[in-house]
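# Residue-level structure breakdown
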Amino acid sequence: MLKVHHLNESRSQRILWLLEELGLDYEIIRYQRDPKTRLAPPELKAIHPLGKSPVVDDDGRMLAESGAIIETLIRRHGQGRLAPAPEDQDAYTHWLHFAEGSAMLPVMQLLYVKRLGEAGAPLMPRIDSELKNHLAYMEGVLQGREFLVGNALTGADIQNSFVLESARAFRLLGEYPNLTAYLDRLHARPAYQRAVEKGGPYAMGR
């Protein structure tokens, strides 16, 4: 059985969703953030040197990094589910890497700079510009489309869900109706809802 080292309110929620969509059996090993620092507990260091989540134990093979986990589990266990059509492979690879390679950087910068208060004010125009750049790009791609790639849910949608949940948590989606509707569609999926029920309280994107 797959084992998911799951940190509350984190990227590992999308791995639970992936597994629910694939209909795979899995065990959740839970970790809680420090309520003051919001950091992962030191116990995760014993699982992976980075001390971060998600980490998946797939029959003794330890998988880390959300995009790599999604790609690997779909390849090993998906039997074609959540994988792109051959003609969509390039777009799929782009979106799988876009989430953490591009879009999450200004989101994380916003998170940390906000904690600086007035000291972080000089950085905000550049961060705001980058946030709008990435969100507007996604908004345009989703015009008239239900999913990022092809005509069905793929791992790329699961990977990018956390980007939009984070953006919604910062109230950044108000001027992006396509992104708002897209995220609502993802959240309405039964597999997504089962994942949240099993993973525990998850306020991101609400």
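For the structure itself, consult the block above.
Everything in this summary refers to the structure shown in the same document. (Residues numbered from 1 in each chain as written. Predicted model: local features only at pLDDT ≥ 70, side-chain atom pairs only at ≥ 80, totals over all residues. Heavy atoms only, no water.)

### Some words on the overall build of the protein chain
- Scanning the protein chain from terminus to terminus reveals seven helices and four strands.
- Each helix (α) and strand (β) of the protein chain, taken in turn from the N terminus, gives the series β-α-β-β-β-α-α-α-α-α-α.
- Over its C-alpha trace the protein chain gives a radius of gyration of 17 Å, about what one expects of a compact globule, namely 17 Å for 206 residues.
- Here the C-alpha coordinates of the protein chain stretch approximately 50 × 45 × 25 Å along the principal axes.
- Split into buried and exposed, the 206 residues of the protein chain put 49% on the buried side.
- In the protein chain, the proportion of contacts linking residues at least 24 apart, taken out of those at least 6 apart, comes to 67%.
- Entry remark: accessible area of the protein chain is about 10600 Å², with carbon and sulfur atoms responsible for 53%.
- With 25 positive and 26 negative side-chain charges, the protein chain shows a separation of 4 Å between the mean positions of the two kinds. (Helix = DSSP H or I, 4+ residues; strand = E, 2+ residues; numbered from the N terminus. Rg over C-alpha atoms; globule rule 2.2 N^0.38 Å. Buried < 20%, exposed > 50% of the residue type's maximum accessible area, 1.4 Å probe, protein only. Contact = heavy atoms within 4.5 Å. Areas by Shrake-Rupley, 256 points an atom, 1.4 Å probe, with all protein chains shown as cover. Lys, Arg positive; Asp, Glu negative; His and termini not counted. Charge placed at Lys NZ, Arg CZ, Asp CG, Glu CD.)

### A few points about unusual backbone geometry
- Residues Ser53 and Pro54 are joined by a peptide bond in cis, for which omega reads 15°.
- Among the structural elements, Pro54 can be located in the loop between β2 (26-31) and β3 (55-58).
- The backbone of Gln79 sits at a positive phi, close to 50°, despite the residue not being glycine.
- With respect to the element layout, Gln79 can be found in the loop between α2 (66-77) and α3 (89-114).
- One non-glycine residue with positive phi stands out, namely Arg171, at about 60°.
- The topology assignment puts Arg171 in the loop between α5 (155-169) and α6 (177-187).

### Digging into empty space enclosed by the protein
- Applying the stated criterion to the full structure yields two cavities of 30 Å³ or more.
- Space inside the largest cavity adds up to approximately 40 Å³.
- When residues of the lining of the largest cavity are traced back to their parent elements, those giving at least two are α3, α4 (124-141) and α5.
- With four residues, α4 is the single largest residue contributor to the lining of the largest cavity.
- Broken down by class, the residue content of the lining of the largest cavity amounts to seven nonpolar, one polar and no charged.
- Considered as a void within the structure, the second largest cavity measures approximately 40 Å³ in volume.
- In terms of lining, the second largest cavity is formed by Arg11, Gln13, Arg14, Trp17, Ser161, Phe162, Glu165, Tyr192 and Tyr202.
- Among the secondary structure elements, those contributing two or more residues to the lining of the second largest cavity are α1 (12-22) and α5. (1 Å grid on protein atoms, 1.4 Å probe; cavity = no way out; pocket = protein on both sides within 12 Å on 5 of 7 lines; lining within 4 Å. Points joined across faces, edges and corners; volume = space filled by probe spheres on them. Nonpolar A, V, L, I, M, F, W, Y, C, P; charged D, E, K, R; others polar.)

### Remarks on the side chain of Asn160
- Within the fold, Asn160 resides in helix α5.
- Classification of Asn160 as buried rests on a relative accessible area of 0%.

### Quick look at the packing of α4 against α6
- The geometry of α4 relative to α6 is characterised by a closest axis approach of 8 Å and an angle of 70° between their N-to-C directions. Taken together, the axis directions place α4 and α6 in an arrangement best described as roughly perpendicular. Counting all contacts with α4, which are made through Leu135, Met138 and Glu139, the residues of α6 involved are Pro177, Asn178 and Leu179. (Axes fitted to C-alpha atoms, helices over the stretch in contact; angles between N-to-C directions. Parallel < 35°, antiparallel > 145°, perpendicular 65-115°, else oblique.)

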